[in-house]
Amino acid sequence: MTIPKVLVLVSSGPDGDKTMASARELCSTLSSKFALTNTSIRAAAIPMERLLTTNDTGNENHPPLLLVVFGGGSTSSLAALLEREASFPFMCIDDVSDDKTDYNAYQIAKWCSLASPEVRRLVQQSNREMRQARLVEDAQIHTQSPKYSQAIAMCYDEKTMVTGDNVEGENLPEKARGKVRDRYAGETKLALVTTDRQSGFDRMLASVPYKGAVLNLTSAFWFEKTKHIINNHILEIPHPYVSIVKKCKPFPIEFVVRSYMTGSTSTSIWKNYQNGVRNYCGHVLPEGMKKNQKLWANILTPTTKEKVDRPISAEDVISEEWMSQEDWEICADAALKVFALGQKVAAEHGLILVDTKFEFGRDEATNEILLIDEVMTPDSSRYWLASSYEERIAQGKEPENIDKEFLRLWFGDNCDPYKDEVIPDAPRDLVLELSRRYISLYEMITWKDFDFEHVGKEEDIAEAIVSNLL
């Protein structure tokens, strides 16, 4: 494989030392990021006859040469001379400030990619990462605008979060309250209300503005996006917090799909691997794997729905009679296909879909197997920022994500949330920031702006349930 040669010409003028340091950093970046290891620095004052013979471009055994005139000022006359005399390509870089190193390296690599498939591959990867970084930056800037901060703050200060406590009305069926979601049963349908309740440590920690709408609408997005793979239980979304769904009998298995060696819970693949497990849910794990590395393929790692969930293999799901072989195969195939589509969309939107859990159930009316519950939401899934993954893994750092754990950590630092009968109120600024991050994830996943004007009020939920359920 031919690696192009890059020759960086540096002026020895008043800022020569600074320019030289920048040139060294440029060469280091070209080598580490774009595999351009045949890179060297020469003085801009080199006699022209020496410079023009520094590479025999007529010799087929010599690599292609790109000359880089680095820095303006005294190098401008050299650039003019090269334009007349040189038989090989050159480019001029005037802005040699430190914050331009990555950009300058990228521009040089694009030229060199014409002569090297490997450099071209790395340039394309860098291009994707820069695009992904711009998507993340845009989402953060957008949700930090006054429109968002004012709407979130107003909801919190006026206590208009949807807690489920104010869903009242005539003919409203009896409520079954969960940690985050409330369920109302009709004769053939259910109404699922995803509230703003934030749970943790087996208790309610706070009410987070618009969180329920984010989760419900994110699921609705994915249900619509994946219905060609497998039908789902959704009948209607009459309110941002409400889903009207078909009655189904859930299978007693959670279908967890993983693409990376990560996790911190007792059922996670990384925690089990740390503890010496090398056959995890029927998958043989090789020695020497590292945290957060990509797996050889997307794998299905089911868990049982018991008092204490446990990882289980496909073979044991069948042998222990949790599911029939036929039902298992339908659900397993759908889970992997839905996850693969989710990964594709997430990558296009600047995210890595790391892992998620799916649930399936049998339609009580038709006996059809359907995708149910929630789908690839910020609560049921792990998302990382794609633009910085490779670099951070190479540096031994944790992948970046839009973190939602900081509120749990605050409670852990300020009380004993498992033992204290009364815990302190969550700080206002933390709750508002958590709300903004949920909304950011919604917009990054769906590429839809969060619609504050039509998000509805808790008082409207009862009407949405009664008119669509009964």
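It should be noted that the structure appears before, not after, this text.
The rules behind these values
Residues numbered from 1 in each chain as written. Predicted model: local features only at pLDDT ≥ 70, side-chain atom pairs only at ≥ 80, totals over all residues. Heavy atoms only, no water. Helix = DSSP H or I, 4+ residues; strand = E, 2+ residues; numbered from the N terminus. Buried < 20%, exposed > 50% of the residue type's maximum accessible area, 1.4 Å probe, protein only. Contact = heavy atoms within 4.5 Å. Areas by Shrake-Rupley, 256 points an atom, 1.4 Å probe, with all protein chains shown as cover. Salt bridge = Lys/Arg side-chain N within 4 Å of Asp/Glu carboxyl O. Phe/Tyr/Trp six-rings, centres within 6.5 Å; stacked < 30°, edge-to-face > 60°. Lys NZ or Arg CZ within 6 Å of the ring centre and 35° of its normal. Pairing = 2+ DSSP bridges. Axes fitted to C-alpha atoms, helices over the stretch in contact; angles between N-to-C directions. Parallel < 35°, antiparallel > 145°, perpendicular 65-115°, else oblique. Left-handed = near helix turned anticlockwise from the far one by under 90°. Nonpolar A, V, L, I, M, F, W, Y, C, P; charged D, E, K, R; others polar.

S.K.: Which residues make up the overall build of the protein chain, and what values do they have?
M.R.: Secondary structure assignment for the protein chain yields 14 helices and 20 strands. Taken over the C-alpha atoms alone, the protein chain extends approximately 95 × 55 × 45 Å along its principal axes. Of all 470 residues assigned to the protein chain, the portion counted as buried reaches 50%. Long-range contacts, defined here as pairs at least 24 residues apart, represent 66% of the contacts in the protein chain between residues at least 6 apart. Of the roughly 23300 Å² that the protein chain leaves accessible, carbon and sulfur atoms contribute 48%.

S.K.: Account for the pattern of salt bridges, with residues named and values stated.
M.R.: Counted under the stated rule, the structure contains 22 salt bridges. Between Lys-291 and Glu-398 there is a salt bridge, with the nearest N and O atoms lying 3.3 Å from each other. With Lys-291 in the loop between strand 15 (283–284) and strand 16 (294–300) and Glu-398 in the loop between helix 11 (389–394) and helix 12 (406–414), the pair connects residues that are 107 residues apart, well separated along the chain. For Lys-291, a relative accessible area of 34% gives the class partly exposed. Note on Glu-398: relative accessible area 41%, which makes it partly exposed. Between Arg-382 and Asp-355 there is a salt bridge, with the nearest N and O atoms lying 3.0 Å from each other.

S.K.: A description of the packing of aromatic side chains should follow, citing residues and the corresponding values.
M.R.: Applying the stated rule across the entire model yields 14 aromatic pairs. Ring centres of Phe-255 and Trp-328 lie 5.2 Å apart, and the angle between their planes is 25 degrees; on these two criteria the pair is classed as stacked. Here Trp-328 lies in helix 10 (residues 325–348) and Phe-255 lies in strand 13 (residues 253–260), a separation of 73 residues in the sequence. Per residue, the accessibility class of Phe-255 equals that of Trp-328, and both read buried. Of note, Lys-100 hangs over the ring of Tyr-103, and the distance from its end group to the ring centre comes to 5.0 Å. Over the aromatic face of Phe-201 sits the side chain of Arg-408, whose NZ or CZ is 4.5 Å from the ring centroid.

S.K.: Give me the pairing of strand 18 (residues 351–363): which residues, what numbers.
M.R.: When you tally the buried positions in strand 18, you get 12 out of 13 residues, the bulk of the element. In the sheet, strand 12 (residues 248–250) pairs with strand 18 via three bridges, with the strands oriented antiparallel. Its bridge partner lying in strand 18, Cys-248 is registered against Asp-363. Sheet analysis places strand 13 next to strand 18, joined by four bridges and oriented antiparallel. The residue bridging Val-256 from the neighbouring strand is Lys-357, located in strand 18. Where strand 18 meets strand 19 (residues 369–372), four bridges bridge the pair, whose relative direction is antiparallel. The residue bridging Arg-362 from the neighbouring strand is Ile-369, located in strand 19. Joining the antiparallel neighbours strand 18 and strand 19 is a turn of five residues, in which Asn-367 adopts a positive phi near 75 degrees.

S.K.: Any chance you could break down the environment of Ile-230 for me, citing the residues and the numbers?
M.R.: Its location among the elements puts Ile-230 in the loop between helix 7 (211–226) and strand 10 (234–239). Separated by 141 residues in the primary sequence, Ile-230 and Leu-371 place their C-alpha atoms 6.8 Å from one another. If sequence neighbours within four positions are ignored, Ile-230 has contacts with Ala-334, Val-338, Phe-360, Ile-369 and Leu-371.

S.K.: Quick rundown of unusual backbone geometry? Include the residues and the values.
M.R.: Residue Tyr-210 is not a glycine yet carries a positive backbone phi of 70 degrees. Of note, Tyr-210 is situated in the loop between strand 9 (203–207) and helix 7. The buried category is assigned to Tyr-210, whose relative accessible area is 9%. For Glu-321, which is not a glycine, the phi torsion comes out positive at approximately 65 degrees. Looking at the secondary structure, you find Glu-321 in the loop between helix 9 (314–319) and helix 10. Under the relative-accessibility criterion, Glu-321 is labelled exposed at 69%.

S.K.: Before we move on, can you summarise the packing of helix 6 (residues 146–157) against helix 13 (residues 428–446) with the specific residues and values?
M.R.: Relative orientation of the contacting elements helix 6 and helix 13 amounts to 130 degrees, with a least axis distance of 10 Å. On the basis of their axis angle, the class for helix 6 and helix 13 is oblique. Helix 13 is crossed by helix 6, and the crossing has right-handed handedness. Contact residues: helix 6 offers Tyr-148, Ile-152, Ala-153, Tyr-156 and Asp-157, while helix 13 offers Arg-428, Val-431, Leu-432, Ser-435, Arg-436, Ile-439 and Glu-443. Looking at the contact of helix 6 with helix 13 residue by residue, the classes come out as seven nonpolar, one polar and four charged.

Keep in mind these numbers describe shape, not what the thing actually does.
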